[in-house]
Amino acid sequence: GSANISTAQIVDLTTKVQLIQDRLTNLAIYLNTATVSTLTDDILYLPKGIRVMLLDPLPHHITRSPSLFVALLEHLLWYPALILAAIGIYSNRNTLFRRTTGSPELLYVFLLLCGLIVMWGLVEGNFGTAFRHRGEFVWAMAVFTGLGFARVRLARTHGVTDRESLDHSNDD
């Protein structure tokens, strides 16, 4: 048997082939003009990426889009949590990095937090995806935020003058 192919089918097939050829041509043009990121480019971009991951949207970004208002409301909790997490990391630095009496669990959480922030900081360029990916390390931030809160609470109850006992409160 011979197959009967109509003129309309041939025209349809020709149109599809032409569309695929155009797509492949456009892909080849894109691939030839795309710049390859170097290690230097990545290192130079990292501070901006970390800012996008941790701090964006900044308060002055609200004029860009009204939908950022909800994200800024969340930042009423996020910014203090970042500060408390930094205090928690700093005040527990001996526990984090002490080889014999340190906490391997806390070190693991710290390294995971830093790794996720750097990884997403290298690839995130816009706030929307960064905001969603931030959820991957919120739990680790919560651990250090709790430690920072405990440290601030301890400092408030012991007062500023009792600095010696504060400095040794995490030595166990």
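Presented here is an overview of the structure given in this document. (Residues numbered from 1 in each chain as written. Predicted model: local features only at pLDDT ≥ 70, side-chain atom pairs only at ≥ 80, totals over all residues. Heavy atoms only, no water.)

### Considerations on the packing of aromatic side chains
Note the threshold: Two aromatic rings, drawn from Phe, Tyr or Trp (for Trp, its six-membered ring), form a pair once their centres lie within 6.5 Å of each other, and the interplanar angle then sorts them: stacked below 30 degrees, edge-to-face above 60, tilted otherwise. For helices the rule is a DSSP run of H or I covering at least 4 residues; for strands it is a run of E covering at least 2, with both sets numbered from the N terminus onward. Three exposure classes are used, based on accessible area relative to the maximum for each residue type with a 1.4 Å probe and protein chains only: buried under 20%, partly exposed in between, and exposed over 50%. Think of it as a cone above the ring: NZ of Lys or CZ of Arg counts as a charge over the ring if it is within 6 Å of the ring centre and within 35 degrees of the ring normal.
Throughout the structure, instances matching the rule amount to three aromatic pairs. Measuring from ring centre to ring centre gives 6.5 Å for Trp78 and Phe137, while their planes differ by 55 degrees; the resulting arrangement is tilted. Note that Trp78 is positioned in helix α3 (residues 68-91) and Phe137 in the loop between α6 (127-133) and α7 (138-158), a separation of 59 residues in sequence. When its relative accessible area of 0% is taken as the criterion, Phe137 is described as buried. Where Phe110 meets Phe144, the ring centres are 6.2 Å apart and the plane angle is 85 degrees; that geometry is what we call edge-to-face. Placement of the pair is Phe110 in helix α5 (residues 104-123) and Phe144 in helix α7, with a sequence separation of 34 residues. Members of the aromatic cluster, connected to one another through ring pairs, are Phe97, Phe110 and Phe144. The residue whose ring lies beneath Arg93 is Tyr90, and the NZ or CZ to ring-centre distance is 4.0 Å.

### Describing the nonpolar core
Nonpolar side chains tend to gather and get buried jointly when the protein is soluble and globular. Quick reminder of the rule: Throughout, nonpolar core names a set of buried Ala, Val, Leu, Ile, Met, Phe, Trp, Tyr and Cys residues whose side chains join them through atoms within 4.5 Å.
If you look at the biggest cluster of nonpolar residues, it comprises 19 residues, and the most contacted ones within it are Leu54, Trp78, Leu113, Phe137, Met141 and Phe144. Elements that contribute at least two residues to this core include exactly α2 (39-54), α3, α5 and α7. Per-element tally for this core: the top contributor is α5, with seven residues.

### A short note on the packing of α5 against α7
Defined as follows: To get an axis, fit a line to the C-alpha atoms, keeping to the stretch in contact for a helix; angles then go from 0 to 180 degrees between the N-to-C directions. Small angles under 35 degrees read as roughly parallel and large ones over 145 as roughly antiparallel, with 65 to 115 read as roughly perpendicular and the rest as oblique. Crossing chirality is assigned from the near helix's rotation relative to the far helix, an anticlockwise turn below a right angle marking it left-handed and a clockwise turn marking it right-handed. Between two residues, a contact is recorded if the distance between any of their heavy atoms is within 4.5 Å.
With their axes 9 Å apart at the nearest point, α5 and α7 run at an angle of 125 degrees to one another. Here α7 runs oblique to α5, going by the angle between their axes. Both α5 and α7 take part in a crossing whose hand is left-handed. Contacts between α5 and α7 involve Leu106, Val109, Phe110, Leu112 and Leu113 on the former and, on the latter, Trp139, Ala140, Met141, Val143, Phe144 and Leu147.

Taken by themselves, the reported measurements are silent on function.
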